[in-house]
Amino acid sequence: MERRKLTIPEIIQKKNEGRKITMLTAYDYPIASFIEQAGIDIILVGDSLGMVVLGYENTIPVTMEEMLHHTKAVKRAVKYALLVGDMPYMSFHKSKEDAIYNAGRFIKEAGCDAVKLEFYPGVIEITKAIVSAGIPVMGHIGLTPQTVMQLGGYKVQGKDAERAKTLIEAAISFEEAGCFSIVLECVPDKLAKIITERLRIPTIGIGAGPDCDGQVLVTHDLLGLFERFLPKFAKRYVNLAPQIVEAVKEFKEEVESGVFPDRSHSFTISEEELRKIK
Ligand code: KIV
């Protein structure tokens, strides 16, 4: 069957048909094109960019300009997957007008199909405004790194009944505000199951157990490209970092010992032309 661009109704349809949704992050052209070749449904240019690519301590310093720069690179590789841009800290907090403007930049300048908003108390009104402007929104609840200080650090969210109820309410509010899907990050598996069953829109889990409608990972965790830490919920399918170091060491040794480049990596000039130079 000919591959077509995935649409938001098709993503929702996958939930209705019990087919799992796959989502991965990308921040540049080559990785995005590998993900695209593998047939992943949704590519998220996450603000995790700040940590896994730009070397910041956390996601707070990430700017709109940094997000747009990387999203444009990803877009050049993406033809079929749904492309979602993650709105960075303070790009959707000041006013509805400012939030619509910044969300619009992801669509108009970077070619995204949708934006993702992390939960904070005022986000529902902002979500409604962005959706009213015709921009599809993915919500994000649970461990939301942009408000990690309020959450008391990087830890599992919704472990007691009161906080679990708050998360269920947040999920329902996002759905009612018009989101087409919601990321559930770092919540107990049984709570994720309850939320998934309550919502008509798909849930995409990261550290939220197997019962979500889809799963997302930070690609640098999956590939072993980020060495600072590996969250408990992330699975490293390949460990590329040591392989990269080995390859670079081999290059260094071969250059220093004169093994590289050899004839097969060199270009020739005819003896006749050479004589004319001498
Ligand atoms: O920024 C990001 O990569 C994310 C995912 C973890 C969902 O928000």
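Structural data are supplied above this passage.
Residues numbered from 1 in each chain as written. Predicted model: local features only at pLDDT ≥ 70, side-chain atom pairs only at ≥ 80, totals over all residues. Heavy atoms only, no water.

Next up on the list: the site of the ligand. Close to the ligand lie Thr25, Leu44, Gly46, Asp47, Ser48, Asp86, Lys116, His140, Glu185, Ile206 and Val218. Between the ligand and aspartate 47, the relevant distance is 3.0 Å, taken from an oxygen atom to a side-chain nitrogen or oxygen of the residue. Between serine 48 and the ligand, the recorded distance is 2.5 Å, taken from a side-chain N or O atom to an oxygen atom. Considered on its own, the ligand offers 260 Å² of accessible surface; in the complex 95% of this is hidden by protein. Taken together, the residues of the shell around the ligand break down into three nonpolar, four polar and four charged. (Near = heavy atom within 4 Å. Polar contact = N/O pair within 3.5 Å; in protein donor to acceptor, adjacent residues only side chain to side chain. Areas by Shrake-Rupley, 256 points an atom, 1.4 Å probe, with all protein chains shown as cover. Nonpolar A, V, L, I, M, F, W, Y, C, P; charged D, E, K, R; others polar.)

This paragraph deals with the environment of isoleucine 182. The topology assignment puts isoleucine 182 in strand E6 (residues 181-185). Of the residues examined, isoleucine 182 reaches a relative accessible area of 0% and is grouped as buried. Taking the C-alpha atoms as reference points, isoleucine 182 and leucine 54, separated by 128 residues in sequence, lie 26 Å from one another. If we skip the residues at most four places from it in the chain, isoleucine 182 touches Gly139, His140, Ile141, Ala171, Phe174, Glu175, Leu199, Ile201, Pro202, Thr203 and Ile204. (Helix = DSSP H or I, 4+ residues; strand = E, 2+ residues; numbered from the N terminus. Buried < 20%, exposed > 50% of the residue type's maximum accessible area, 1.4 Å probe, protein only. Contact = heavy atoms within 4.5 Å.)

Turning to the pairing of strand E5 (residues 137-142), a few remarks are in order. Burial analysis of E5 places six of its six residues in the buried class, which makes it a mostly covered element. With burial as the criterion, each face of E5 is covered, one bearing Val137, Gly139 and Ile141 and the other bearing Met138, His140 and Gly142. Relative to E5, strand E4 (residues 114-118) runs parallel, the two being bridged by four bridges. Across the sheet, residue leucine 117 finds its bridge partner in E5, namely glycine 139. Once the chain exits E4 it traverses helix H6 (residues 123-132) before rejoining the sheet at E5, and the crossover so formed is right-handed. (Pairing = 2+ DSSP bridges. Right-handed = clockwise from strand over helix to strand, strands pointing away.)

A few words now on the pattern of salt bridges. In this structure the tally under the stated criterion is 16 salt bridges. Linking glutamate 17 and arginine 19 is a salt bridge whose minimum nitrogen-to-oxygen distance equals 2.9 Å. Across the salt bridge formed by arginine 105 and glutamate 65, the nearest N and O atoms sit 2.8 Å from each other. Of this pair, arginine 105 sits in helix H5 (residues 96-108) while glutamate 65 is found in helix H4 (residues 64-75), placing the two residues 40 residues apart along the sequence. Overlapping salt bridges bring together Glu65, Arg105 and Glu109 as one network. (Salt bridge = Lys/Arg side-chain N within 4 Å of Asp/Glu carboxyl O.)

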